[in-house]
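# Coordinates in review
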Amino acid sequence: PVSRSDAASTAQVTKAVEVKKAADAPKADKSVPLTQYQEMNSGKQLLFSHLAISGMPVDYAKIAEMISREYARESDEFKKRDILAALKPGVDKELARAKDGRYYYMDIEASWEKYDFDSKSFASPSIGESGRYFNFNDFAYGYRLEWPNGAAFSKLAVPDESQARAIEALRVKYNGINTRIYFFVADTKLGETTVLGEITKVKVMDAKGNLLSEI
């Protein structure tokens, strides 16, 4: 049996490790042009981003189970070994690419709340809510993305009334607004398959891609 004091102590140690890990993680270079950010649109990218920066040993067999149907369905162990050997160079290439290229953007279906006349802004819990995460419905479904600094980008200040009216009119329409998040893959969450991204820019656009406002 684990006492309450032991459980609390373990939780404190885990929290301390997470805080230090976050402090030691590299930070985004804000001078990197947004044109150099690549689109993130698959769990595969999250998978390799996590593996590239987590520092954990690469389990090629586990990766092969996820990315290759041929490998996952094969029951002949010799054939599985041959398939794995053929996959390894490609896996190493993807890992190297993920390690070198850590700047991404993602288009999300963010919910923007109605215009707040007091703060002259729109708020989005989709970005700023603590514990909110995103993932993709593909083979790497278990890998997810969180933005720890999302709260700093969850309010879109629009003091100009005509601009605010235009955004409000689009906000109430289905798919009227597109939200693009630019971020740097900074770290992974301790003991989880979670990638932590540092947001550098949020753009709010109409359905045609025209910029409405940004944070």
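Up top is the structure these notes are about.
Residues numbered from 1 in each chain as written. Predicted model: local features only at pLDDT ≥ 70, side-chain atom pairs only at ≥ 80, totals over all residues. Heavy atoms only, no water.

## Overview of the packing of helix 2 (residues 43–54) against helix 5 (residues 77–100)
In the contact formed by helix 2 and helix 5, the axes pass within 8 Å of each other and the chain directions differ by 80 degrees. With respect to helix 5, the axis of helix 2 lies roughly perpendicular. Mapping the contact onto sequence places Lys44, Phe48, Ser49, Leu51 and Ala52 in helix 2 and Val91, Glu94, Leu95, Ala98 and Lys99 in helix 5. Within the contact of helix 2 with helix 5, the residues separate by chemical class into six nonpolar, one polar and three charged. (Axes fitted to C-alpha atoms, helices over the stretch in contact; angles between N-to-C directions. Helix = DSSP H or I, 4+ residues; strand = E, 2+ residues; numbered from the N terminus. Parallel < 35°, antiparallel > 145°, perpendicular 65-115°, else oblique. Contact = heavy atoms within 4.5 Å. Nonpolar A, V, L, I, M, F, W, Y, C, P; charged D, E, K, R; others polar.)

## Topic: the pattern of salt bridges
Pairs can form between side chains of opposite charge once their charged atoms are near each other. Taken as a whole and assessed by the stated rule, the structure comprises 10 salt bridges. Between Lys80 and Glu65 there is a salt bridge whose closest N-O contact spans 3.7 Å. Highlighted residues: Lys80 in helix 5 and Glu65 in helix 3 (residues 60–67), separated in sequence by 15 residues. According to the relative accessible area criterion, Lys80 is buried, its value standing at 9%. In this structure, Arg97 and Glu94 form a salt bridge, with 3.6 Å as the shortest nitrogen-oxygen distance. Of the two residues, Arg97 and Glu94 both sit in helix 5, three residues apart, roughly one turn of that helix. When its relative accessible area of 45% is taken as the criterion, Arg97 is described as partly exposed. Each of Lys44, Glu94 and Arg97 takes part in salt bridges that share partners, so that together they form one network. (Salt bridge = Lys/Arg side-chain N within 4 Å of Asp/Glu carboxyl O. Buried < 20%, exposed > 50% of the residue type's maximum accessible area, 1.4 Å probe, protein only.)

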